[in-house]
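# Examination of the molecular architecture
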Amino acid sequence: MKQENYKKLIKQIPSNVTLVAVSKTQPVSSIRELYDVGHRDFGENKVQELLTKYSELPKDIRWHLIGHLQTNKVKYIVPFIYLIHSVDSEKLLSEINKQAQQINRVVDVLLQVHIAREETKFGLSSDEVMRLYKAQILQQYPFVRIRGLMGMATNTADEQLIHTEFSGLKKLFDQLSLHKIHPHSMDILSLGMSSDYVIAIEEGSTLVRIGSSIFGQRNYH
Ligand SMILES: *Cc1c(COP(=O)(O)O)cnc(C)c1O
């Protein structure tokens, strides 16, 4: 069943768009089902759950941290995380740099930008992103490599609003792409979940984060 959902989805997603299967709250057995058909990119939003799954599953999985990250938890994921999507403060950037330096590893991250109407979603403002994405700032953090931006649209049935929010972030992404700050880059635009990934891809997403359309409804308990 999960494999069928997955295969259908893969056919709808252009080959230049990465699919991250969001496995939060799902058991290790469900992740294995997708792993067995060749999928390797999985997303989790809680550090403790990620650590448990990491320890139980094959080591060639590319783990994406997509949820809010507290500075005191950074050290646990820095040794193995493939991409942190949720950098929402310079303080967090600095802590990732510090922990990564201790193990001499460069960690790839995205800057999370607040684009939704809801107050509750984390993220930087466009102005804060533009302040951070500068050579003078980033040279202080040589063990972090910025790869792009992440955003979440308002949870709404208003498709026009979702289009507007995604296209606004795409514009910022394109604008920042003009500045080359080696080794940083703007090549990943992480936009779109089960409810809005079609719109996200139309607006230029290069990576979609999809949970319930693959695994079914989540069971929080
Ligand atoms: C849960 C989650 C998703 C996936 O949501 P679905 O609606 O299940 O596809 C994507 N991105 C983030 C940041 C999430 O927390």
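The text that follows walks through the structure, step by step, so that each part is easy to find. Since the structure is predicted, the reported quantities are computational estimates derived from the model, not experimental observations.

Calculation rules
Residues numbered from 1 in each chain as written. Predicted model: local features only at pLDDT ≥ 70, side-chain atom pairs only at ≥ 80, totals over all residues. Heavy atoms only, no water. Buried < 20%, exposed > 50% of the residue type's maximum accessible area, 1.4 Å probe, protein only. Helix = DSSP H or I, 4+ residues; strand = E, 2+ residues; numbered from the N terminus. Pairing = 2+ DSSP bridges. Right-handed = clockwise from strand over helix to strand, strands pointing away. Near = heavy atom within 4 Å. Polar contact = N/O pair within 3.5 Å; in protein donor to acceptor, adjacent residues only side chain to side chain. Areas by Shrake-Rupley, 256 points an atom, 1.4 Å probe, with all protein chains shown as cover. 1 Å grid on protein atoms, 1.4 Å probe; cavity = no way out; pocket = protein on both sides within 12 Å on 5 of 7 lines; lining within 4 Å. Sits in = over half its atoms within 2 Å of the grid points. Nonpolar A, V, L, I, M, F, W, Y, C, P; charged D, E, K, R; others polar. Contact = heavy atoms within 4.5 Å. Points joined across faces, edges and corners; volume = space filled by probe spheres on them. Axes fitted to C-alpha atoms, helices over the stretch in contact; angles between N-to-C directions. Parallel < 35°, antiparallel > 145°, perpendicular 65-115°, else oblique. Left-handed = near helix turned anticlockwise from the far one by under 90°.

So, about the pairing of strand β2 (residues 41-44). The side-chain alternation of β2 yields two buried faces, one formed by Asp41 and Gly43 and the other by Phe42 and Glu44. When strand β1 (residues 18-22) meets β2, the two strands line up parallel, connected through 2 bridges. Its bridge partner lying in β2, Val22 is registered against Gly43. Read from β1 through helix α2 (residues 28-35) to β2, the crossover connection turns out right-handed.

For the ligand, the full set of nearby residues is Val22, Lys24, Ile66, Met152, Met193, Ser194, Arg209, Ile210, Gly211, Ser212 and Arg218. Contact between the ligand and Lys24: an oxygen atom at 2.6 Å from a side-chain N or O atom of the residue. Side-chain polar atom of Arg218 to an oxygen atom of the ligand: 2.7 Å apart, as the coordinates give it. Calculation on the ligand without its partners gives an accessible area of 390 Å², and the protein chains cover 91% of this total. When each cavity is represented as a set of grid points, the ligand is found to reside in the largest pocket. For the shell around the ligand, the residue count by class is 5 nonpolar, 3 polar and 3 charged.

Moving on, we get to the side chain of Ser185. Tracing the chain through its elements places Ser185 in the loop between α8 (159-177) and β7 (188-191). Looking at Ser185, the relative accessible area reads 18%, which means it is buried. Within polar-contact distance, the side chain of Ser185 engages the side chain of Asp187 at 3.2 Å. Apart from the residues within four sequence positions on either side, Ser185 is in contact with Tyr133, Ile146, Arg147 and Gly148.

Of note, Arg32 is situated in helix α2. The sequence separation of Arg32 and Leu57 amounts to 25 residues, and the corresponding C-alpha distance is 7.8 Å. Arg32 has contacts with Glu56, Leu57 and Pro58, leaving out every residue within four places of it along the chain.

Take the layout of surface pockets next. Reported here for the largest pocket is a volume of approximately 380 Å³. Together, 20 residues line the largest pocket, and Lys24, Ile66, Met152, Met193 and Arg209 are the ones closest to its centre. Looking at the lining of the largest pocket residue by residue, the classes come out as 7 nonpolar, 9 polar and 4 charged.

Quick look at the environment of Ile188 now. Mapped onto the fold, Ile188 is located in strand β7. On the basis of relative accessible area, Ile188 is assigned to the buried category, the value being 14%. Once the C-alpha coordinates of Ile188 and Thr206 are considered, the two residues, 18 residues apart in sequence, prove to be 5.8 Å apart. Non-local contacts of Ile188, meaning those with residues more than four positions away in its chain, are made with Leu83, Leu110, Arg147, Gly148, Leu149, Phe173, Thr206 and Leu207.

When two helices pack together, you describe them by how their axes are tilted relative to each other and by the distance separating the axes. Across the interface, helix α1 (residues 2-12) lies against α2 with an axial gap of 9 Å and an inter-helix angle of 50°. By the criterion of interaxial angle, the relationship of α1 to α2 is oblique. Between α1 and α2 lies a crossing whose hand is right-handed. Across from Lys2, Gln3 and Tyr6 in α1, the residues of α2 making contact are Ser30, Glu33 and Leu34. Residues of the contact of α1 with α2, tallied by class, amount to 2 nonpolar, 2 polar and 2 charged.

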